Amino acid sequence: MFELDAQHIRMGQQAADKDSALAMLGEALVQDGLVAPGYIDGLRAREAQGSTYLGQGIAIPHGTPQTRDQVFTTGVRIMQFPEGVSWGEGQTAYLAIAIAAKSDEHLRILQLLTRALGEKSLDEAIRRADSAEAIVQLLHGAPQELELDDQLVRLHVEVNDLEELAWQGARLLKQTQCVETGFAGALQTNVPLPLGDGLWWLHSDHSVTRPGLAFVTPEQPLTFEGQPLEGLFCLASLGEAHRDLLERLCELLIAGRGQELSHATSSRAVLEALGGEVAPDWPSARVVLPNAHGLHARPAKELARLAKASSGDIRVRVDEGAPVSAKSLSRLLALGARRGQVLEFLAEPGTDAEAALSDLVAAVEAGLGEEVEPISAASAAPLTATPVIETNILARGENTSPLTAGDTFSAIAAAPGLAVGPAYVIAEQRFDFAAEGEGVAVEMERLERALAAVRTEIDALITRSEAGPIRDIFLTHLEMLDDPDLREGVQLRMKRNASAAAAWSAQIDEAAAQQEALKDALLAERAADLRDVGRRVLGHICGVALASEPDEPYVLVMDEVGPGDVARLDRARVCGILTARGGASSHSAIVSRALGIPAVVGAGSRVLALAPKTALLVDGDHGHVEIAPDATRIEQVQVERQVRERQRKEAEARRFEPAITRDGKRIEVAANLGNTADAAAVVEQGAEAVGLLRTELVFMSHDAAPDEAQQERDYRRVLDALDGRPLVVRTLDVGGDKPLPYMPIPAEENPFLGIRGIRLTLRCPEVLETQLRALLRAADGRPLRIMFPMVGRVEEWRQARDILARLRQEIPVADLQVGIMIEVPSAALLAPVLAQEVDFFSVGTNDLTQYTLAIDRGHPLLSGEADGLHPSVLRLIDMTVQAAHAHGKWVGVCGELAADPLAVPLLLGLGVDELSVSARSVPLVKARVRELDFSTAQVCARQALGLASADDVRASVESL
Ligand code: PEP
Ligand code: MG
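No experiment lies behind these values; they were computed from the predicted model shown.

Visitor: How should I be thinking about the overall build of the protein chain in this particular structure?
Guide: Secondary structure assignment for the protein chain yields 35 helices and 33 strands. Long-range contacts, defined as pairs at least 24 residues apart, comprise 71% of the intrachain contacts of the protein chain with a sequence gap of at least 6.

Visitor: Where do I start with the coordination of the magnesium ion (ligand 2) in this structure?
Guide: Here the magnesium ion (ligand 2) is held by the protein donor atoms Glu 823 (OE) and Asp 847 (OD), which lie 2.0 Å from it. Residue Glu 823 is found in the loop between β30 (816-822) and α28 (825-829), and its partner Asp 847 is found in helix α30 (residues 845-853); the two are separated by 24 residues along the sequence. Both residues of the pair, Glu 823 and Asp 847, count as buried.

Visitor: Just to check I follow, could you spell out the site of ligand 1 for this structure?
Guide: Taken together, the neighbourhood of ligand 1 is formed by 15 residues, with Arg 694, Arg 730, Gly 844, Asn 846 and Arg 857 sitting nearest. Here an oxygen atom of ligand 1 sits 3.1 Å away from a polar atom, N or O, in the main chain of Thr 845. Within the backbone of Asn 846, one N or O atom sits 2.8 Å away from an oxygen atom of ligand 1. Burial of ligand 1 by the protein amounts to 100% of the accessible area it has alone, namely 290 Å². When contributions to the shell around ligand 1 are tallied by element, the ones reaching two or more residues are β27 (690-694) and α30. Sorting elements by how many residues they give to the shell around ligand 1 places α30 first, with three residues.

Visitor: I'm lost on the nonpolar core in this one. Help?
Guide: For soluble globular proteins, nonpolar side chains are generally found buried alongside one another. By size, the foremost hydrophobic cluster in this structure holds 95 residues, and its most contacted members are Phe 788, Phe 841 and Ile 877. If you tally residues by element for this core, the top one is helix α26 (residues 765-779), at eight residues. Setting aside anything within four residues of it in sequence, one finds Phe 841 in contact with Ile 820, Ile 822, Ala 831, Leu 834, Ala 835, Thr 880, Ala 884, Trp 890, Val 891 and Gly 892. One finds Leu 4, Leu 138, Leu 333 and Val 364 within the second-largest nonpolar core, a separate group that totals 50 residues.

Visitor: Would you explain the packing of aromatic side chains in this entry?
Guide: By convention here, two paired aromatic rings are described through the distance between centres and the angle between planes. One pass over the structure, following the stated rule, counts six aromatic pairs. Ring geometry for Phe 215 versus Phe 233: centroids 4.6 Å apart, planes at 35°, classification tilted. With Phe 215 in strand β9 (residues 212-218) and Phe 233 in strand β12 (residues 231-236), this residue pair connects regions lying 18 residues apart in the sequence. Like Phe 215, the residue Phe 233 is buried in the burial classification. Considering the side-chain rings of Phe 840 and Trp 890, the 4.6 Å spacing of their centres and the 5° angle between planes classify their relative orientation as stacked. With Phe 840 in strand β31 (residues 840-843) and Trp 890 in strand β32 (residues 890-893), this residue pair connects regions lying 50 residues apart in the sequence. Among the aromatic side chains, those forming a connected cluster through ring pairs are Trp 201, Phe 215 and Phe 233. The ring of Phe 409 has Arg 606 lying over it, and the distance from NZ or CZ to the ring centre is 5.4 Å. Above the plane of the ring of Phe 934 lies Lys 665, whose end atom (NZ or CZ) is 5.0 Å from the centre.

Visitor: Got a minute to help me understand the side chain of Thr 731 in this structure?
Guide: Here Thr 731 shows up in the loop between β28 (727-730) and α25 (758-763). Those residues within four positions of Thr 731 in sequence are excluded, and the remaining contacts are Thr 695, Glu 696, Leu 768, Gln 771, Leu 772, Ile 786, Met 787, Phe 788 and Pro 789.

Visitor: What exactly am I supposed to notice about the packing of helix α31 (residues 871-886) against helix α32 (residues 903-910) here?
Guide: Packed helices, taken two at a time, are described by the angle their axes make and the gap between the axes. At their nearest, the axes of α31 and α32 sit 9 Å apart, and the two run at 35° to each other. From α31, Leu 874, Ile 877, Asp 878 and Val 881 reach across to α32, where they touch Leu 906, Leu 907 and Leu 910. Residue composition of the contact of α31 with α32, grouped by class: six nonpolar, no polar and one charged.

Visitor: Is there a simple way to think about the pairing of β27 in this case?
Guide: Here β27 lies mainly inside the structure; five of its five residues are buried. Pairing geometry for strand β26 (residues 666-673) and β27, over three bridges, is parallel. If you follow Leu 673 over to β27, its bridge partner there is Leu 693. Judged from the three bridges that link them, β27 and β28 form a sheet pairing that is parallel. Bridging across to β28, Val 690 finds its partner in Leu 727.

Visitor: Would you mind showing me how to read the sheet that holds strand β3 (residues 58-59) here?
Guide: By definition, the strands of a sheet pair up through backbone hydrogen bonds, in either a parallel or an antiparallel sense. Taken together, the five strands give an open sheet; going across it, the order is β1-β4-β5-β3-β2, and neighbouring strands pair in mixed fashion. Where the open sheet ends on each side, the last strands, each with one partner, are β1 (9-10) and β2 (53-55). Sheet contacts for helix α1 (residues 18-31): β1, β4 (75-86) and β5 (92-100); angle to β4, the most-contacted strand, approximately 155°.

Visitor: I would appreciate a short explanation of the packing of α30 against α31 in the present structure.
Guide: As a packed pair, α30 and α31 sit with axes 10 Å apart at the nearest point and diverge in direction by 120°. Taken together, the axes of α30 and α31 are oblique relative to one another. For the pair α30 and α31, the sense of crossing is right-handed. In this structure, α30 contributes Thr 845, Leu 848, Thr 849, Thr 852 and Leu 853 to the contact, and α31 contributes Ser 872, Val 873, Leu 876 and Ile 877. Taken together, the residues of the contact of α30 with α31 break down into five nonpolar, four polar and no charged.

Visitor: It is not clear to me how the pattern of salt bridges should be interpreted in this structure. Could you clarify?
Guide: Pairing between side chains of opposite charge can happen when the charged atoms of each approach one another. By the definition in use, this model includes 51 salt bridges. Of the charged contacts, one joins Arg 446 and Glu 443 as a salt bridge, the two residues approaching to 2.9 Å between their closest N and O atoms. Placement of the pair is Arg 446 and Glu 443 together in helix α14 (residues 440-464), with a separation of three residues, close to one helical turn. For Glu 443, a relative accessible area of 2% gives the class buried. In this structure, Asp 933 and Arg 662 form a salt bridge, with 3.1 Å as the shortest nitrogen-oxygen distance. On the criterion of sequence distance, the pair formed by Asp 933 in the loop between α33 (922-931) and α34 (934-945) and Arg 662 in the loop between β25 (659-660) and β26 is long-range, its members being 271 residues apart. Given a relative accessible area of 59%, Arg 662 falls into the exposed group. One connected set of salt bridges, linked through shared partners, spans Glu 696, Arg 730, Asp 733, Arg 756, Asp 847 and Arg 857.

Visitor: For this particular structure, what's the right way to read unusual backbone geometry?
Guide: Note: most residues except glycine have negative phi, and most peptide bonds are trans. Its identity is not glycine, yet Asp 723 carries a phi of approximately 50°, on the positive side. Tracing the sequence through the fold places Asp 723 in the loop between α24 (708-722) and β28. Phi is positive for Met 790, close to 65°, though the residue is something other than glycine. Residue position: Met 790 is located in the loop between β29 (784-788) and α27 (794-810).

Visitor: It is not clear to me how the sheet that holds strand β13 (residues 284-288) should be interpreted in this structure. Could you clarify?
Guide: Spatially, four strands are ordered β13-β16-β14-β15 in an open sheet, and the strand pairing comes out antiparallel. Here the strands that pair on one side only, and so sit at the sheet edges, are β13 and β15 (324-325). Bridge count between strand β14 (residues 314-318) and strand β16 (residues 342-347): five bridges; the pairing is antiparallel. When the bridges of β16 are listed, Val 316 appears paired with Phe 345. Running at roughly 160° to β16, helix α13 (residues 352-365) makes contact with β13, β14 and β16 of the sheet.

Visitor: Honestly, the environment of Gly 294 in this entry has me stumped. Any pointers?
Guide: Structurally, Gly 294 is set in the loop between β13 and α11 (297-308). The exposure class of Gly 294 is buried, given its relative accessible area of 0%. With 44 residues separating them along the chain, Gly 294 and Arg 338 place their C-alpha atoms 3.9 Å apart. Excluding residues that lie within four positions of it along the chain, Gly 294 makes contacts with Leu 289, Pro 299, Ala 337, Arg 338 and Arg 339.

Visitor: Help me out: how do you make sense of α33 in this one?
Guide: One full turn of an α-helix is made of 3.6 residues, so residues set three or four places apart face in the same direction. Counting buried positions over the ten residues of α33 gives seven, a clear majority of the element. Taken residue by residue, α33 has Val 922, Pro 923, Val 925, Lys 926, Arg 928, Val 929 and Arg 930 as its buried positions. Structurally, α33 contributes buried residues whose contacts are with α21 (631-653), β25, β26, α32 and β33 (914-918).

Here is what the cut-offs are and how they apply
Residues numbered from 1 in each chain as written. Chains lettered and ligands numbered in written order. Predicted model: local features only at pLDDT ≥ 70, side-chain atom pairs only at ≥ 80, totals over all residues. Heavy atoms only, no water. Helix = DSSP H or I, 4+ residues; strand = E, 2+ residues; numbered from the N terminus. Contact = heavy atoms within 4.5 Å. Donors = N, O, S within 2.8 Å, 3.2 Å for Na, K, Ca; no water. Buried < 20%, exposed > 50% of the residue type's maximum accessible area, 1.4 Å probe, protein only. Near = heavy atom within 4 Å. Polar contact = N/O pair within 3.5 Å; in protein donor to acceptor, adjacent residues only side chain to side chain. Areas by Shrake-Rupley, 256 points an atom, 1.4 Å probe, with all protein chains shown as cover. Core = buried A, V, L, I, M, F, W, Y, C linked by side-chain atoms within 4.5 Å. Phe/Tyr/Trp six-rings, centres within 6.5 Å; stacked < 30°, edge-to-face > 60°. Lys NZ or Arg CZ within 6 Å of the ring centre and 35° of its normal. Axes fitted to C-alpha atoms, helices over the stretch in contact; angles between N-to-C directions. Nonpolar A, V, L, I, M, F, W, Y, C, P; charged D, E, K, R; others polar. Pairing = 2+ DSSP bridges. Parallel < 35°, antiparallel > 145°, perpendicular 65-115°, else oblique. Left-handed = near helix turned anticlockwise from the far one by under 90°. Salt bridge = Lys/Arg side-chain N within 4 Å of Asp/Glu carboxyl O.

Written out as structure tokens, the structure reads:
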């Protein structure tokens, strides 16, 4: 986190020119271990693109996005140049703030600096400052305006007394970053002031970062000290910023208009009465900000310049927030707008500002002087809420009768294998506790004891976890236990008489709900961790033994295994997975399969009511589950497992041999890969090629979009490991259910039918081109196959092909084939046309099944019906193969179906040339091929095409 700190400021520096100053600043960043030496070039390159002079004698040099990988730690180093340094364009910098930022954190520093960039001239003061503390003071201390906008007003809040109301006010001030931890407590110690008309006033200047006023009213009329309590002002006071507001409030009260506030029904009415920031009812235009690094200094400067060209007033706001003047650079920076957020411009009616609206929108779309990847504005428009008919369709038809010993049931087979073990059920637990406590001291001690116990538990988990990501999760949990904010909230609740359990539980709920509301999916996911930690602590306070992890390998029973949970799965401890929800081809199921843990998913919520340690048998091949099987059955399963284990061993022993049917037909068996580090392991499993490199997973392993050089390194690593074997790479396939944190896609109503795969990269050609360049450079004469995902129309293929053809001129490669994935039915239906132009097809059965049967691949209830062996899907595969072979092209299958033992004979029989499966499945798929006769497989495949359902198809090949 960026903060201005006196010890990071070097006073009285001298530099002959900007270049020397940059070298000095860069050196300071290097010396302090924030960046690698290469970052200095980044500072220069950025300056060459445009001056980083901000105004008021301040420059903010920073690296280019390409040099972000040179940043080790985010931070700033500041130098004062009393004699000034010419920063170009006639500007002189007296203070240079060198920023090392891995992502968009620099927006924070810009927000901090906005105070310095106010009206008052600072150049001279900065130049004359004789201590680092004085500089910090200047940057922080410039006059600030009182914050009072929509976000600071909450009406009809459910509270019981003034203390709770004050707490709500303090939360608003915290959320808007006016105050820090410590403010709420200080506020409560002050004496509330009655203003009349049911209005009260509380203020504090403790832990205030910028002045702000919150106004909150209770849902029910309350009283305090015998007087009505209908509204409370909470002031975070700093300097004199609130003086005007106070005067206005007094006038209002003297005029007998206090009830306009205490009885207000909208925040707008409150703001209008108090003269706060209200969005005026002016003509407006909205546009999505496309700049990768948000509205930082350069684009903000450009925007302010354009706005100033109009004599009329132009305001701008972000995501419905308070509007600010678009002509003020400091106000624009203070918005902290990020890529993907909606900017709304409001133009003063009857002036030239109205006409300027469309120009401003166009300028934002064009990047405000920066190169940008466009974002669809239509998809960023807020959705209007429509009344819904409350029917819990999801629960309908679900068998809810409790499970007892001897019960068996079927659900979705998600990962093959047999598992027997005690159930370890992770489900929401109910705790009974008193709402009221026995005094703060007693309750605090209870909490501390529980926290200490949980700390010990987590320490033990950290010691036991071998995998890095799992340790990281638990380390985060430890940090959460010591979060000062959390503690402060709990303490305050205890002071209001809450018991330790009630205070802790409410505080965790509130914090998790806030986290879940964040737009950043990754941050929102952390709410689950918070609830996890919360549950552990509550268990200790209430003396409820939480289901403890069985000592022997267990079957993990959960509602749904999310991608975050998969990282916790330790194969040594989890022998099977059973979930209430989830689908077979959801990405989390794919990861479970990759870990080799037998799994049955979508079994319904009754599995969550299983008693802890109930013995379970999970058959991940057939989707069967048995509850408390008897000893004979367990023995039978053990034998079956031994047989399978033997078969696996035999298959592994022959993993390097080709897959040839008994009558001599060979099919290539390749591996799917998502992590470049695993490439050597894939070869070790007997893969004859990589049939699908999911490059979005490679991208996801980086914190920011990898540049060409980084990608080239990644792809080289795979090609090196393959040692001459072919590599089939799929270009970036994000969108749908695969988000990339640093490539935000505006929310779409139907993401699977929206901008994903090739549709996305064709809209960001520079991303596609960088990736293709990196691939071509990495090839070095080795066999490279590039394919485009989600192609549905011939135009998409041709556009992508042409881009690649152009780049090939620039970077020639010896052995390249170019193809497409067949994932959309239209592509399969058009295969006779496409086959004339492509070098190969690779059938992505996960998506092809989803789009053919119109079933979301991750749908909790329906995805079990999305069976890739449905005759309709087989017919599309058949059309693809026929068309490809007619033109001498090859066809692979890289969806999950390729590893299904019942699907292998059918795909073989349809003439598929290559099967690409998870590395663990390679030996087994090869072994399966060796058991088959190609001629029989062909007959079976023809028959299957004429069948009516997936079940009929499965039954038809059961005996093969
Ligand atoms: C597929 O759709 O079958 C496929 C291989 O792609 P992904 O699962 O990565 O969407
Ligand atoms: Mg796909």
